[in-house]
Structure formats: C-alpha cells, structure tokens
Amino acid sequence: MVKKMHKAEGTGTPKSAAQLSGTVKESAQQIWLAGLGAFAKAQEEGGKVFEALVKEGTSIQRKTQAVAEEKITEATSRMASMATDISSKASGQWGKLEDIFEERVAKALNKLGVPSSKDIDVLVARIDELNRNVVAMGGKSASATKPAAKPAAKAAKKAATKRAAPRKTA
C-alpha cells in the first residue's frame, strides 16, 4: 500500500489524485474488512476461550470442594476425639464425686449409730453360725424361730418410732 502511494505521488497528474483517492478508498476498505475479520475471529475465539475458562473453573471448584471436605472431615474427627476425651474425664470426675458422697454419707450414718451393710452381713453370718451350733447341740432348728423374729423386729421398730415422736400435751 505504501508502494502504491509513492508511485502515485511521483506522477503529480490529476489522474494520480484519482488514483490516490482510489488507493486510500481501497486501503480503508481493506482496513474495514480486516477489522471485521478480527471481530469475527475474536467472537469465534471468545466462545472457545469462554468454554475453556468454564472448564478450568469447574476443575478448580472440584479441587476446592475436595480440599474443603477433607478439612471438614479432619476437623470433625478432631472434635469427636476431643468430645470423647472430655466425656471420659467428666465421667471419671463423676465417679470420684460419687465415691466422696458415699463416703461422707457412710460417715454420717456411722456417727448416728446406723449399722452399715457390712455390719449387718457380719451379724447375719454370726446368727447363722449360732443357729448351726444350737442345732448341733440338739435344740430347735433356727428356721422355726425366724418367722417369729420378724414380727418382733417390726414391733421393736414401731416402739422406737413412737418413743422418738414428740408427745402432745393436753
């Protein structure tokens, strides 16, 4: 195009002005067509680029979700192990608290003169041994005296509660 213009400038005739305007017109037409071609190419390539970007975005999203799920799973397992540890420590503390409570109640009952279950077991064993000795000596069997012993024990308890109850004055 530049060569055509140089040739046209060298002649200096009116024909050359017409040629110059034709060359300029032709150059403008070529520039216009080149622009249209670039626009069409950009549109065509733009669609392909857009699709490539969508594919890349999808791939990155999948990777991000996988990493996020892994982190969530890791955090969940950590929290579960921490909860288990806390729960075991708490149950250990409850066990200690129960032991302390039972010990203090036993001391209080002992101070009040209430026999413990161990004391009662020892007494029962002693009574059984005495009953065997009585039977061995030729006396009545111990089982025959037990039913009579229970009502007597109930009557003794009732008498004790009546004594402990405050008396009303008339």
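Since the model is a prediction, treat every value here as computed from it, not as a measurement. (Residues numbered from 1 in each chain as written. Predicted model: local features only at pLDDT ≥ 70, side-chain atom pairs only at ≥ 80, totals over all residues. Heavy atoms only, no water.)

For the rest of this paragraph, the subject is the overall build of the protein chain. Of the regular secondary structure elements, the protein chain holds four helices and zero strands. Residues counted as buried form 4% of the 170 residues belonging to the protein chain. Counting every atom, the protein chain has about 15400 Å² of accessible surface; 64% of that belongs to carbon and sulfur. (Helix = DSSP H or I, 4+ residues; strand = E, 2+ residues; numbered from the N terminus. Buried < 20%, exposed > 50% of the residue type's maximum accessible area, 1.4 Å probe, protein only. Areas by Shrake-Rupley, 256 points an atom, 1.4 Å probe, with all protein chains shown as cover.)

Tallied over the full model, the rule gives two salt bridges. Here R78 makes a salt bridge to E74, at a shortest N to O gap of 3.0 Å. You can see R78 and its partner E74 sitting in helix 2 (residues 14–111), four residues apart, about one turn around the helix. (Salt bridge = Lys/Arg side-chain N within 4 Å of Asp/Glu carboxyl O.)

Side chains of F101, V105, L109, L112 and V114 sit close together on the surface and give an oily, nonpolar patch of about 470 Å² of accessible area. Within the secondary structure, F101 sits in helix 2. Residue class for F101 comes out exposed when judged on its relative accessible area of 57%. (Patch = residues over 30% accessible without salt bridge, like charges linked within 9 Å, V, L, I, M, F, W, Y side chains within 5 Å.)

This next bit is on helix 3 (residues 117–137). With 21 residues, helix 3 should cover 30 Å at 1.5 Å per step; its first-to-last C-alpha distance of 30 Å lies within 8% of that length. G138 sits one or two residues past helix 3 and shows a positive phi near 105°. (Expected span 1.5 Å × (residues − 1).)

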